[in-house]
Structures are given as structure tokens and as C-alpha cells.
Amino acid sequence: MRRALALLVVIAAAPAAVAAAPHRKPTAVGVGEREWRVALYRSEVPVGRVRFNVRNFGEDGHDLAVRNRAGKVLGRLAELRPDATGSLTLRLRRAGRYTVFCTLEGHEQLGMRATLKVRRRR
């Protein structure tokens with residue numbers, strides 16, 4: 001009888017253990033680009049996967065890249081035509097500040113950059 005009861009407790013607890021560790025979806029960050037500006041609709045995200053949903057509101061083509069503090073480019077979305085959309089998903093593994101910017105010649109220097117803060121999960 002005790003064995004049967006113990007087995008029932010183990011079986012009943014199994015779904016709760018699976019539910020406690022769900023697969024995390026990427027955190028979505030909306031990004032608007034236009035001549036000489038990158039606007040992040042969320043300026044802070046937790047460590048992990050981040051999906052940048054980008055729309056080019058400008059009159060010129062723009063791309064999007066993400067760079068860590070050491071200057072390494074972690075990923076890049078190809079150039080988007082005016083009024084086009086695209087997405088880029090990256091795993092940002094460390095807390096800190098990342099630069100989101102347009103890599104086309106001269107665009108970052110004209111102001112097409114923003115800072116994304118990545119924080120530890122709570």
C-alpha cells in the first residue's frame with residue numbers, strides 16, 4: 001500500500017516538474033528605423049534570446065546589427081527597403097549594454113544607434 005501511494009505521489013508530481021521548466025520564447029523588441037535614428041520600443045531585456053522586430057520607416061535603405069561592449073558584432077539583419085520589415089533573433093548571454101545600429105556607410109555616425117540594456121534574469 002505504501003509503495004502504491006509513493007508511486008502515485010511521484011506520478012502526480014511529474015507534470016508539475018515539467019511545467020516548472022517551460023521553453024522560454026525570445027523577448028521581442030520592436031525597432032523603428034528612419035533617417036538618422038534607431039528607436040527601440042523596449043530599452044531593457046533579460047539575458048537570453050531576443051527577437052528584434054524591425055521596420056524601416058525611412059526613405060533610404062537601412063540594416064540592423066547588434067554589437068557588444070567589446071565591439072564584436074553578434075548578428076546582422078540585411079538591408080531593408082523603405083517600409084519593409086524583418087527580424088533578427090540573437091542569444092544575448094551576458095548582462096550589460098549592447099549597441100543596436102545601422103552598418104551602412106556613415107549611418108551610425110549620423111545617429112543611427114541605440115543602447116539596449118540586458119539584465120540578469122530575476
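Residues numbered from 1 in each chain as written. Predicted model: local features only at pLDDT ≥ 70, side-chain atom pairs only at ≥ 80, totals over all residues. Heavy atoms only, no water.

**A few points about the pairing of strand β1 (residues 27-34)**
Note the threshold: Criterion used throughout: strands pair if DSSP finds at least two bridges between them. Each helix corresponds to a stretch of at least 4 residues labelled H or I by DSSP, and each strand to a stretch of at least 2 residues labelled E; elements are numbered beginning at the N terminus.
When β1 meets strand β4 (residues 48-56), the two strands line up parallel, connected through seven bridges. Across the sheet, alanine 28 pairs through a bridge with arginine 51, a residue of β4. As paired elements, β1 and strand β2 (residues 37-40) share four bridges and run antiparallel to each other. Counted as the bridge partner of glutamate 33 is valine 38 from β2. Remark: two residues form the turn of the hairpin made by β1 and β2, two consecutive strands paired antiparallel; tryptophan 36 in that turn has positive phi of roughly 60°.

**Here we look at a positive patch on the surface**
So the rule is basically this: Patch membership needs two things, relative accessible area over 30% and no salt bridge, and members are linked within 9 Å if like-charged or within 5 Å if nonpolar (Val, Leu, Ile, Met, Phe, Trp, Tyr). Using a 1.4 Å probe, accessible areas were evaluated by the Shrake-Rupley method; residue-level cover was limited to the displayed protein chains. The salt bridge definition used is simple: a Lys or Arg side-chain nitrogen within 4 Å of an Asp or Glu carboxyl oxygen. When charges are tallied, Lys and Arg are placed among the positive residues and Asp and Glu among the negative ones, while His and the ends of the chain are skipped. To locate a charge, take atom NZ for lysine, CZ for arginine, CG for aspartate or CD for glutamate.
Positive charge collects at one region of the surface, where Arg69, Arg97, Lys117 and Arg122 lie side by side. Among the structural elements, arginine 97 can be located in strand β8 (residues 96-101).

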